[in-house]
Every structure is written in C-alpha cells, then in structure tokens.
Amino acid sequence: MNIVIIGAGASGLTAASNIRKYDDESQIIVFTTQKHVAYSPCAIPYVIGGHIDSFDDIIMHKPEEYMRKNIRILTETEVVEINNDITELTYQDKKGNKQNLKYDKLVIATGGKPLIPPIPGKDLEGVFKVRTVEDGEEILAYSQKCKNVTLVGGGAIGLELGSELANKGIKVTIAEMMPQLFPRSFDQEMSDKFQEHLQGKNIEILTSSAVESINGETKVESVTIDGVERPADMVILSTGVRPQTELAESIGCELGQFAIKVNPHMETSVPNVYAAGDCVEVTNAVTGDITLSPLGTTAVRQGIILAKNLAGHEIEFQPVLNSTVSQIGGMEMGAVGITQQEAEKLEIPVVVSTIESLSRARYYPGSKPLFLKLIAKTDGTIIGCQMFGQEAVAERVDTMTAIMSQKLTCDDVVSMEFSYAPPVSQVIDPIAQAAEECLEKIDALDEECDCAVEEEPEDETPVEEVKTAEKESKEEPKEEAVEEEPKEKEMTFPEYLRSQGLIN
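Now for a description of the structure that goes with this document.

Reading the values: the criteria
- Residues numbered from 1 in each chain as written.
- Predicted model: local features only at pLDDT ≥ 70, side-chain atom pairs only at ≥ 80, totals over all residues.
- Heavy atoms only, no water.
- Patch = residues over 30% accessible without salt bridge, like charges linked within 9 Å, V, L, I, M, F, W, Y side chains within 5 Å.
- Areas by Shrake-Rupley, 256 points an atom, 1.4 Å probe, with all protein chains shown as cover.
- Salt bridge = Lys/Arg side-chain N within 4 Å of Asp/Glu carboxyl O.
- Buried < 20%, exposed > 50% of the residue type's maximum accessible area, 1.4 Å probe, protein only.
- Pairing = 2+ DSSP bridges.
- Helix = DSSP H or I, 4+ residues; strand = E, 2+ residues; numbered from the N terminus.
- Axes fitted to C-alpha atoms, helices over the stretch in contact; angles between N-to-C directions.
- Parallel < 35°, antiparallel > 145°, perpendicular 65-115°, else oblique.
- Left-handed = near helix turned anticlockwise from the far one by under 90°.
- Contact = heavy atoms within 4.5 Å.

**Digging into a nonpolar patch on the surface**
Consideration 1: Nonpolar side chains collect at one region of the surface, where Tyr-363, Tyr-364, Tyr-420 and Val-427 lie side by side and expose about 390 Å² of accessible area between them.
Consideration 2: Judged by relative accessible area, Tyr-420 falls into the partly exposed class, the value being 39%.

So, in structure tokens, the structure goes:
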C-alpha cells in the first residue's frame, strides 16, 4: 500500500512514525515545502534569546534518520495538484521538475500558514514572520544591527520573542489590536496583571492599537501606530496562522466553519483521505462548539490517532480543552478551558474565584507569588482555569486539564489528594484553595434561593383552626421557652490554615 503524507510538521511526522510502528510493509512518502523537518517553531524565541545554543539543536531528526525506518521525506518539494479520481498527485521540486505519484491512502497535514495583515510596507526589507527555522535565523542575524523593533500581534510567540529581544537591550514595542493580550485564553484582569509585569524592561505594550503602516524607502525606518510615527529598524509579524486547506478543497474535502472537517477517526469526507494538525477543526470539550486548536500537543495526538485508525485500530480523537502554557520574561502563564468572558457570552451561569497564593510554603526562601483564577458552573463543574507566576504553573495547568477532562467538580477537587513539601508546594494546593472559594460562592447562591422561597406568603389559617388553637392554649399550661445559645460557625480547613498563618 502506498501512503502519502503532505506536510512534515508535528501531525504529519507523528502519523508517519506511528504508521510504521504498526505497518512494516507499506510505502510511506512525506512531502514538505520546507528545508528542515522535525523541529518546534515554539523553540525559535529561545534560540534567539540565547537559552538554546543554535537552531541546529532544535532540529530533532533529519530526513536520513527517517529513511532508516523506511520513511521517505522529500524536502523543498510541493504537491501542486491532486487527482483523487485516479488517486494520483503531482509534485514539484525546488528546481521546477514535476512528477506524478500514485497513492492508496492520502494524509493531508498541511498545517497553517502565517496570517499576514495587509499593512502598507509589509514587503520592505526588515519585515519578518515567525514560522520556520529560516525565519528564526534571519531574525537573529538582522536584529544584531537594530535598536528599535516593533512586533505586530500579542500572541505567545510574539510576546516570547519580544521579551528575548528586549533582554538584548533592544527597545521593543508590541502592538495588539485587541483590548488585551491573549484574549482567547485569559480574562481582562488576569491579562492586565501579566501585562503590567512585562511593561517596562525595554518593552512597551500597546493594546487596542493598530499598525497602520510600515514606513521606509527600501527598508524599515519607522511604523505608524494609531496615527503616531515611531522609530523602528525591524518589524516582526506575529499575527497568528490560518489553516492551509487549498489542497483538501481541490479534491472535494468538506470544510467546516474554520478548516477541514474530519470525524473522530481523522477521516475527511473523501474516502481514503485523512487530515490532521492545524488544518483541521476540532470540538471544544466545554461548550461543544467547533473551534481550532493550533497547538503542537493537539497535532501530535491527532497524528497518533490517525495512524492507529489507518492501521485498523478503533480509537477516537476527543474534544479539546486547549490547555496552553508559556514562559515570557521570567513569568510563566497558562490556561485551560474557557474564560469567564466566553462563559458569560454563552450565557453559562458561573461562579469565579481569583486568589493570590504562593508557589511554595510561605516561610520557605524563594517562594514566589502565584495568581490563579478558577471558573466553575453553578453545579460545581470546573470549566476554566487561568494562572501565572514565576514558577510551578505548567504542572498545575496539566493537573487542571486532567481534572476538567474527567468533568470533576469543586467538591471533588477540595477533597482531592495533592503532594506537599515546603520547597515545592503548599500544604493546601492553590487549586484546592480556589475550588473551596468557588464552593463558598455556590453555597451563598443556594442560601439566597432558599431565602427567596421562605419569603413567599403563607396561606391564611382557617377561622375554625384559630378557635381550636386558642381553646387548647387555655387548657394546657404553656412551657417557658428556653433560649438556645447561638452556635459557633464551623471553621473550614482552609480558614483554619489561614488563621494559623500557614497559607494566604
């Protein structure tokens, strides 16, 4: 069987390796327009910042290593046409030579392509995108002679890159069109907190701001943002990606709201054609709505599931929570599920807790502040979590992802077992503290409902019953009422720990 994979990103190469794990006989050929394979674009800012020595270090495998597993990768080669009626495609190498190839199974893993806004001057020398190793190499080389850099877009890679360039002494301006950073993953008040942390240190962040033009004769000399011209030697477009679906469309694959539509087995609407990665749409596990998940972890999982199904195993790709984490300027930030803003937009009744805790026991040296926001439905089911601090964020995001995947409630989390040692954690984890606070708010809502019921007017007592009651009261001596002492309100365990100064 001839299996052809278009795209050598996370989903395409994962699919190829896993197909080979289950199938020794089939021919596997992978096409990619890029020069390098098996690297993570997420690592590019950290090479530019000097945390990783060179771009060679982030290339984990080369085509010849895949060839040892009998997986053939054709780099710098583009699939230009597919004729699914005769299951044949045409590909073209970098010299323009074209050839045809027959296939039995086709995997479309074309990923996404940079979303380039139509800004005047975007073709000037000194304007870059951030997607490939070559992009990273060019940015690193060009930045050596720059004093002012403008980043268009306040997404994860843009902020990571901006922070690393600022650490090199370059003045960085980040222009984000939305009113806040990371609007998809964070609520305004959380976004404002880490924006305040990033602001300064050679970084100026402008939200609700648009880059109107990039100015210069042959190369970048300045940018105009909200009508104000600012100096700039370099502009980096970090405005995200959009699904690359053209080849899938050309053979009649059904498109959904945003990208290629696939079933849980990663099959498209066209027989024997599969798709995975940034070019497909997914289902949100909280809302059930169709969404995108342009994350490496999602692409890898889809590649594995695609391979297993192609090899005859019955396994389904599950809806996503889009858990994400990033390290920017010494600050870790992460989120999973939906925001309070999205919940309110969807008219989902929620309670919210926002706590400021610590990454370790408060008395242990080096303990760092940890901010955490938990969003739960009024039945206690947790549907979102956001956090940031200088350490211990990623592992808690993973914990919350597991909790939400199992649809656990705040009650479950409060009674859950967490590990503890003063150098690495608190005796009650901040996640449990936040869940306890949500429970208190749910109880308060329940009490409000009970009070509303009690205040309803009662039916009038019939006259006959009143006369009978008066007669009985005359016949029987009335006992003296004994006044009960007011009960002391029970203290919750977290309240006890706070009173002892063990937690915030």
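What follows picks up the thread again.
**Description of the sheet that holds strand E3 (residues 71–74)**
Consideration 1: Across the sheet, five strands lie side by side as E3-E2-E1-E7-E18; this open sheet has parallel pairing. One side of each edge strand has no neighbouring strand; the edge strands of this open sheet are E3 and strand E18 (273–275). Strand-to-strand, the axes of this sheet are offset by a mean angle of 20°, without reference to chain direction.
Consideration 2: Note that strand E2 (residues 27–31) and E3 share four bridges and pair parallel. Within E3, the position partnered with Ile-28 by the bridge is Ile-71.

**Topic: the packing of helix H1 (residues 10–22) against helix H8 (residues 296–310)**
Consideration 1: Where H1 meets H8, the axes come as close as 7 Å, and the angle between the chain directions of the two elements is 30°. Comparing the axis directions of H1 and H8 gives the class roughly parallel. Crossing of H1 over H8 shows right-handed handedness. Side by side, H1 and H8 meet where Ala-10, Ser-11, Thr-14, Ala-15, Asn-18, Ile-19 and Tyr-22 of the first sit next to Gly-296, Ala-299, Val-300, Gly-303, Ile-304, Leu-306, Ala-307, Lys-308 and Leu-310 of the second.

**Digging into unusual backbone geometry**
Consideration 1: Phi is positive for Met-266, which is not a glycine, with a value near 70°.
Consideration 2: Tracing the backbone through its elements, the reader meets Met-266 in the loop between helix H7 (246–250) and E18.
Consideration 3: Take Met-266: its relative accessible area is 0%, and that puts it in the buried class.
Consideration 4: The backbone of Asn-322 sits at a positive phi, close to 50°, despite the residue not being glycine.
Consideration 5: Looking at the secondary structure, you find Asn-322 in the loop between H8 and strand E21 (324–328).
Consideration 6: The class of Asn-322 is buried, set by a relative accessible area of 17%.

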